[in-house]
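Inside the fold
Each chain, letter by letter, is given below.
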Amino acid sequence: AVAVTSSSSSSCSSSAPPPSVVSSPASSVLSAASVSSSSSLTLPGVTSLPPILRDVMAGAVSTAMVSAVLNPMDVLKTRRQVGNATSRTAWAEALHVAKLQGPWRGLWRPGLTASMVRELLYSGCTKGLYPVARDFVTPPGEEPTLARRAAAAALT
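Residues numbered from 1 in each chain as written. Predicted model: local features only at pLDDT ≥ 70, side-chain atom pairs only at ≥ 80, totals over all residues. Heavy atoms only, no water.

**Some details on the overall build of the protein chain**
- The secondary structure content of the protein chain amounts to five helices and four strands.
- Listed by position from the N terminus, the elements making up the protein chain come as β-β-β-β-α-α-α-α-α.
- Buried positions account for 20% of the 156 residues belonging to the protein chain.
- Intrachain contacts of the protein chain at a sequence separation of at least 6 include 51% that bridge at least 24 residues.
- Taken as a whole, the protein chain presents about 10,700 Å² of accessible surface, with 66% of it coming from carbon and sulfur. (Helix = DSSP H or I, 4+ residues; strand = E, 2+ residues; numbered from the N terminus. Buried < 20%, exposed > 50% of the residue type's maximum accessible area, 1.4 Å probe, protein only. Contact = heavy atoms within 4.5 Å. Areas by Shrake-Rupley, 256 points an atom, 1.4 Å probe, with all protein chains shown as cover.)

Put into structure tokens, the structure is as follows:
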């Protein structure tokens, strides 16, 4: 079950124990997680990974999720670019494709695998390796300047 924990420095005036959150089958990944009063989520086994690997995984998973949600927009854009929907608006085309092929087969599935692989590999490395590059171009003990941040972004 997901457990909400409170710290002794909490400003809550209630002395009641923190409520337990009932887990559902859909939340199997989070079922062994705990949430502290600072809203951080702790997954078992993840904290034992090296920070660079955690950063790469976080970058990969977060951008892959966004890509999966926005894939229908990419499909519509591509359909319009190749001329399959020149006389309809994007909204009208989305409705037309969803009616003919269904939302999954017509809007989400095309290109989803390629988008997910791209995000998992490219974006994961780009976002995950940025802190390493930023620390590399910034002398120890100094805050990174805008120029150094831009250099770090260019390196990744």
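**Comments concerning a nonpolar patch on the surface**
- On the surface, Ile 52, Leu 53, Met 57, Leu 129 and Val 132 cluster together into a nonpolar patch covering about 370 Å² of accessible area.
- Of the residues forming the nonpolar patch, the biggest block, three residues, is contributed by helix α1 (residues 51-81).
- In this fold, Val 132 is placed in helix α4 (residues 112-137). (Patch = residues over 30% accessible without salt bridge, like charges linked within 9 Å, V, L, I, M, F, W, Y side chains within 5 Å. Salt bridge = Lys/Arg side-chain N within 4 Å of Asp/Glu carboxyl O.)

**As for the pattern of salt bridges**
- Tallied over the entire structure, the rule returns six salt bridges.
- Two residues, Arg 148 and Glu 142, come together in a salt bridge whose shortest N-O distance is 3.0 Å.
- Through salt bridges with shared partners, a single ionic network connects Arg 79, Arg 88 and Glu 93.

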